[in-house]
Amino acid sequence: MRHFLTSADLTRDGALTLFQLTADLKHRWKAGRRGAPLAGRTLALIFEKPSLRTRVTLEVGIIQLGGRAVYLSGAEIGLGTRESAPDVARNLSRWVDGIAARVYAHATVEALARHATVPVINGLSDFEHPCQALADFFTLSERGLDLGAMRLAWIGDGNNVCHSVIQLGARLGASIVVACPPGYEPDPRVVDAIRRHGGRLEITEDASRAAAGADVIYTDVWTSMGQEAERARRQEAFSRYQVNETIVGFAKPAVLVMHCLPAHRGEEITDAVLDGPHSIVLDQAENRLHVQKAVILTLLGGSLDDV
Ligand code: CP
Ligand code: NVA
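Right, let's walk through the structure included here. Every value quoted in this text rests on a predicted model; they were computed, and no experiment measured them.

Scoring rules and cut-offs
- Residues numbered from 1 in each chain as written.
- Chains lettered and ligands numbered in written order.
- Predicted model: local features only at pLDDT ≥ 70, side-chain atom pairs only at ≥ 80, totals over all residues.
- Heavy atoms only, no water.
- Helix = DSSP H or I, 4+ residues; strand = E, 2+ residues; numbered from the N terminus.
- Rg over C-alpha atoms; globule rule 2.2 N^0.38 Å.
- Buried < 20%, exposed > 50% of the residue type's maximum accessible area, 1.4 Å probe, protein only.
- Contact = heavy atoms within 4.5 Å.
- Areas by Shrake-Rupley, 256 points an atom, 1.4 Å probe, with all protein chains shown as cover.
- Lys, Arg positive; Asp, Glu negative; His and termini not counted.
- Charge placed at Lys NZ, Arg CZ, Asp CG, Glu CD.
- Pairing = 2+ DSSP bridges.
- Axes fitted to C-alpha atoms, helices over the stretch in contact; angles between N-to-C directions.
- Salt bridge = Lys/Arg side-chain N within 4 Å of Asp/Glu carboxyl O.
- Near = heavy atom within 4 Å.
- 1 Å grid on protein atoms, 1.4 Å probe; cavity = no way out; pocket = protein on both sides within 12 Å on 5 of 7 lines; lining within 4 Å.
- Sits in = over half its atoms within 2 Å of the grid points.
- Nonpolar A, V, L, I, M, F, W, Y, C, P; charged D, E, K, R; others polar.
- Right-handed = clockwise from strand over helix to strand, strands pointing away.
- Points joined across faces, edges and corners; volume = space filled by probe spheres on them.
- Polar contact = N/O pair within 3.5 Å; in protein donor to acceptor, adjacent residues only side chain to side chain.

What about the overall build of the protein chain?
Helix and strand counts for the protein chain come out as 13 helices and nine strands. Compactness check: the protein chain gives a C-alpha radius of gyration of 19 Å against a globular reference of 19 Å for 307 residues, within 12% of the reference. Counting only C-alpha atoms and orienting by the principal axes, one finds that the protein chain spans roughly 50 × 45 × 35 Å. Looking at the 307 residues of the protein chain, the share that counts as buried comes to 57%. Pairs at least 24 residues apart make up 76% of the contacts formed inside the protein chain by residues separated by at least 6 positions. Of the roughly 12600 Å² that the protein chain leaves accessible, carbon and sulfur atoms contribute 50%. Separation between the mean location of the 33 positive side-chain charges and that of the 36 negative ones in the protein chain comes to 5 Å.

Dropping the structure here:
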């Protein structure tokens, strides 16, 4: 793996290897180990959109590994306006050891990767959020779920996070059901690729049917960053897809409820569920840090022995 742009870049074994490295890094950090395998190395962070979790966990992650981060807002470097993505990638490659980017168009992160001579990590595009999906399935494995035997219900928009979660979930052997209103299904290219690889994926309009017997219910905002103009239309379209206590009641008694955050409380998820006993959203958020440390260490060629 030279770059990490999509969860489709991961094989099942590749993901499981990253989970083991994540567990080791998390354990060592919590045990007080403070080795610096990436001392003297720098990660550039390009953000065209706002972020709490991704920015903090990438920056803290490289710092915990002994390196440094340079944060660049899209506006500040004029990505695609002042300078093209290929030129930004070529220049940054002369100074830094890796690039993480949160972009509007997935094509931008692909262009960065094509022209960079250092690894590029996708920190969310309009098509994928692979670091999120990796943290999510690490969180589920940490909880002791059998990833190959579980049933995961995605309820809501077939968006960027959905693409990454259902691709990685199917790759790990989970049975996936997506419930969404017509017109908001995951991209057919993602659906076809999952099915071509033998993944178990069902798409329905019925949220309660998707939730029935689920081990995991996952939801995300109805209006993603960049779609603000569609907000009213989306709120109407998704009104029957709220993850509330009624929906959770259809799932297995020990169901785990996931959300990548930030949440629009009272829209796609109620306070009672988000803050309730089934919710593991803060574990997901915490594990962004540990899993991305594993990704950074792997891509930048550091050794766990030095941690
Ligand atoms: N889940 C996630 O990526 O959060 P941020 O948008 O705050 O980075
Ligand atoms: N789907 C959301 C995820 C944010 C982490 C968005 O793209 O805004």
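Having put the structure on the table, let's press on.
Brief notes about the sheet that holds strand S2 (residues 68–73)
Read from one edge of the open sheet, four strands run S2-S1-S3-S4, paired in parallel fashion. Since the sheet does not close on itself, it has two edges, and those belong to S2 and strand S4 (120–122), each with one partner. Taking the axes of each pair of neighbouring strands and ignoring which way they run, one obtains an average angle of 20° across the sheet. By the bridge criterion, three bridges tie strand S3 (residues 98–102) to S4 in an arrangement that is parallel. Of the residues in S4, the one forming a bridge with Ala-101 is Asn-122. Lying on the sheet, helix H2 (residues 53–64) is in contact with strand S1 (42–47), S2 and S3; it crosses S1 at an angle near 175°.

Section: the pattern of salt bridges
In this structure the tally under the stated criterion is 16 salt bridges. For Asp-97, the salt bridge goes to Arg-41, with nearest N and O atoms at 3.5 Å. In this pair, Asp-97 sits in the loop between helix H4 (85–95) and S3 while Arg-41 sits in the loop between helix H1 (12–30) and S1, placing the two residues 56 residues apart along the sequence. Here Arg-41 falls in the partly exposed class, since its relative accessible area comes to 24%. Connected via shared salt-bridge partners are Lys-26, Lys-30, Glu-142 and Glu-286.

Digging into the sheet that holds strand S7 (residues 200–204)
To summarise the sheet geometry, strands pair through backbone hydrogen bonds and adopt either a parallel or an antiparallel arrangement. Here five strands make up an open sheet; going across it, the order is S7-S6-S5-S8-S9 and the pairing parallel. Across the chains shown, the open sheet's two edge strands, defined by having one partner strand only, are S7 and strand S9 (256–259). Neighbour-to-neighbour, the strand axes of this sheet turn through a mean angle of 20°, independent of strand direction. The strands that helix H13 (residues 281–299) touches are strand S8 (216–219) and S9; relative to S9, the one it contacts most, it runs at about 50°.

Thoughts on the site of ligand 1
Looking at ligand 1, the residues that line it are Ser-51, Leu-52, Arg-53, Thr-54, Arg-102, His-129, Gln-132, Cys-260, Leu-261 and Arg-288. For ligand 1, whose accessible area on its own is 260 Å², the fraction buried by protein is 96%. Taken atom by atom, the bulk of ligand 1 overlaps the largest pocket. Looking at the shell around ligand 1 residue by residue, the class counts come to three nonpolar, four polar and three charged.

Remarks on the pairing of S2
Two strands pair when backbone bridges link them, and S1 and S2 are joined in this way by six bridges, in the parallel orientation. Within S2, the residue paired with Leu-43 across the bridge is Ala-69. Each parallel crossover has a hand, and the one from S1 via H2 to S2 is right-handed.

Comments concerning the layout of surface pockets
Any empty space left between the atoms is revealed when a probe the size of a water molecule rolls over them. Roughly 370 Å³ of internal volume is contained in the largest pocket. Of all the secondary structure elements, the ones that give two or more residues to the lining of the largest pocket are H2 and helix H7 (160–171). In terms of residue class, the lining of the largest pocket is built from nine nonpolar, eight polar and seven charged.

A few points about the site of ligand 2
Neighbouring ligand 2 are Leu-124, Asn-159, Asn-160, Val-161, Asp-220, Val-221, Ser-224, Met-225 and Leu-261. For ligand 2, a nitrogen atom lies 2.7 Å from a polar atom in the side chain of Asp-220. A distance of 2.7 Å is found between a nitrogen atom of ligand 2 and a side-chain nitrogen or oxygen belonging to Ser-224. Here ligand 2 is seated within the largest pocket. Each residue belonging to the shell around ligand 2 can be placed in one class, and the counts come to five nonpolar, three polar and one charged.

Comments concerning unusual backbone geometry
For the bond running from Leu-261 to Pro-262, omega is 5°, close enough to zero to count as cis. Its place among the elements puts Pro-262 in the loop between S9 and helix H12 (271–274). Non-glycine residue Leu-124 carries a positive phi angle of around 115°. The residue Leu-124 is located in the loop between S4 and helix H6 (130–142) in this model. A positive phi is found at Leu-261, a non-glycine position, where the angle reads about 65°. With respect to the helices and strands, the residue Leu-261 is situated in the loop between S9 and H12. Overall, Leu-261 belongs to the buried group, its relative accessible area being 16%.

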